[in-house]
Amino acid sequence: MGAELTALEGVGADDGRWWVADHGSHVMAWQPAASDHPVLWHAPESLWESALDDQDGAYLRGGVPICFPWFGTGGTPAHGLARRQVWERLDEDWSDDGATLRVRHWLIHDQLEAFHTVTMTPDSLELVLEFTNNSPDEQRVEAAHHTYLAVSDVTRVSIDGLAGAPYWDAARDRRDVIPPGPVSIHPRTDAVIDTTGVVRLGDPGWGRSITVEREGSPQVVVWNSRPAVDPGLGVTNDHWREFVCIESALCREHALPLAPGATHRLVTRLTVTPTQ
């Protein structure tokens, strides 16, 4: 399996083909029962993106990091503190037939209380981030499921469901509109796209389509790392052909002004369909 997921404190099954780490409430692995390939990517030689003694806290590489309570450079450190902290595991439940795993974690930061519930079945993966503002003041909140999807070769995949959507091209710092047809991944793909629709990732090399459904997410972020664009990402850059990120997000101009006592739910649901 390469880097041993089961060495991480957490919950899983099937020799690590399903795994949820307590650190960051981070889903590191999910592979459907009928699939020959994992759905989530992580680097085979290194689970950690940062040094374990990082002053802001270490964070894991790949899988589904939680960006909260800010996204990108909306605060320091980048992508928030949630992925850098150990969440409290409240419960873990298996269905009577042993086919469904449900894991629930809890974290509180600056009077923002978050619950993260992960449900894995042989056919689907669902992640629900629910957060409440317990402070007496409105808080600006950004959040994302920064999902790394494993692919056969990122230069051969395509994404449907985005045509006509306005987006911010982060690599070029400009606004634009997604052209008609499927989206392919190029060396400077880093797009924050305004859409609430269903997105599908077609992967002919592995003969499958991954459907990404979302709730409470007005944006999709599509990103792939390349050494020539962001040389500081090290091991992640070494494996750029093996993944693309399709992220359920609310960020930038869609950051949430969360009123005192208000709650928001960010939901990401993944399913896989054979195409050959």
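Higher on the page you've got the structure.
Residues numbered from 1 in each chain as written. Predicted model: local features only at pLDDT ≥ 70, side-chain atom pairs only at ≥ 80, totals over all residues. Heavy atoms only, no water.

### Observations concerning the overall build of the protein
Per the secondary structure count, the protein includes 1 helix and 22 strands. Its C-alpha radius of gyration of 18 Å places the protein within 12% of the 19 Å reference for a compact globule of 276 residues. Residues counted as buried form 52% of the 276 residues belonging to the protein. Within the protein, counting contacts between residues at least 6 apart in sequence, those at least 24 apart form 62% of the total. For the protein, the accessible surface area stands at approximately 11600 Å², while carbon and sulfur atoms represent 49% of it. Of note, the protein has its 21 positive side-chain charges centred 7 Å away from the centre of its 40 negative side-chain charges. (Helix = DSSP H or I, 4+ residues; strand = E, 2+ residues; numbered from the N terminus. Rg over C-alpha atoms; globule rule 2.2 N^0.38 Å. Buried < 20%, exposed > 50% of the residue type's maximum accessible area, 1.4 Å probe, protein only. Contact = heavy atoms within 4.5 Å. Areas by Shrake-Rupley, 256 points an atom, 1.4 Å probe, with all protein chains shown as cover. Lys, Arg positive; Asp, Glu negative; His and termini not counted. Charge placed at Lys NZ, Arg CZ, Asp CG, Glu CD.)

### Points about the nonpolar core
Counting 37 residues, the largest nonpolar core has Val-27, Leu-40, Met-120, Leu-125, Leu-149, Ile-159 and Leu-201 as the members making the most contacts within it. Among the nonpolar cores identified, the runner-up in size contains 14 residues, and Ala-82, Leu-129, Val-141 and Leu-250 belong to it. (Core = buried A, V, L, I, M, F, W, Y, C linked by side-chain atoms within 4.5 Å.)

### A few points about the pattern of salt bridges
With the rule as written, the count across this model stands at 14 salt bridges. A cluster of three or more residues bridged by salt bridges with shared partners is formed by Glu-126, Glu-130, Glu-215, Arg-265 and Arg-269. (Salt bridge = Lys/Arg side-chain N within 4 Å of Asp/Glu carboxyl O.)

### Remarks on the sheet that holds strand E7 (residues 112-120)
One open sheet accounts for 9 strands, arranged E5-E6-E7-E8-E22-E18-E17-E12-E15; its pairing is antiparallel. Only two strands of the sheet have a single neighbouring strand rather than two, namely strand E5 (88-94) and strand E15 (183-184). Of the pairings in the sheet, the one linking strand E17 (residues 199-203) to strand E18 (residues 208-215) comprises 5 bridges and is antiparallel in character. Residue pairing across strands places Gly-202 opposite Ser-209, the latter belonging to E18. (Pairing = 2+ DSSP bridges.)

### Things to note about the pairing of strand E2 (residues 18-21)
Regular strands place side chains that alternate from one sheet face to the opposite one. Here E2 shows a buried face lined by Trp-18 and Val-20 and a second buried face lined by Trp-19 and Ala-21. Summarising the sheet, strand E1 (residues 10-13) and E2 pair through 4 bridges and their orientation is antiparallel. Looking at the pairing, Gly-10 lines up with Ala-21 of E2. Where E1 hands over to E2, the hairpin turn is made up of 4 residues, of which Asp-14 adopts a positive phi near 55°. Relative to strand E3 (residues 26-29), E2 runs antiparallel, the two being bridged by 3 bridges. Bridge pairing in E3 places Ala-21 opposite His-26. Hairpin geometry of E2 and E3 is characterised by an intervening segment of 4 residues between the two adjacent antiparallel strands and by a positive phi of about 75° at Gly-24.

### So, the packing of aromatic side chains
The relative placement of two aromatic rings is captured by the distance of their centres and the angle of their planes. Inspection of every chain in the model, using the stated rule, returns 7 aromatic pairs. Relative to Phe-131, the ring of Phe-68 has its centre 5.0 Å away and its plane inclined at 45°; by these criteria the two rings are tilted. Here Phe-131 lies in strand E8 (residues 124-133) and Phe-68 lies in the loop between strand E4 (66-67) and E5, a separation of 63 residues in the sequence. Each residue in the set Trp-41, Tyr-148, Trp-223 and Phe-243 is aromatic and connected to the rest through ring pairs, giving one cluster. We note Arg-83 situated over the ring of Tyr-59; from NZ or CZ to the ring centre the distance is 3.8 Å. (Phe/Tyr/Trp six-rings, centres within 6.5 Å; stacked < 30°, edge-to-face > 60°. Lys NZ or Arg CZ within 6 Å of the ring centre and 35° of its normal.)

### Side note on the sheet that holds E1
If you trace the 3 strands from one edge of the open sheet to the other, you get E1-E2-E3, paired in antiparallel fashion. Across the chains shown, the open sheet's two edge strands, defined by having one partner strand only, are E1 and E3. Taken pair by pair, the neighbouring strands of this sheet meet at an average axis angle of 15°, ignoring direction. (Axes fitted to C-alpha atoms, helices over the stretch in contact; angles between N-to-C directions.)

### Here we look at the environment of Pro-44
Relative to the helices and strands, Pro-44 resides in the loop between E3 and E4. Taking relative accessible area as the criterion, Pro-44 reaches 36% and is therefore assigned partly exposed. Distance in space between the C-alpha atoms of Pro-44 and Glu-253 is 36 Å, their sequence separation being 209 residues.

Remember, this is a structural readout, not a statement about activity or role.
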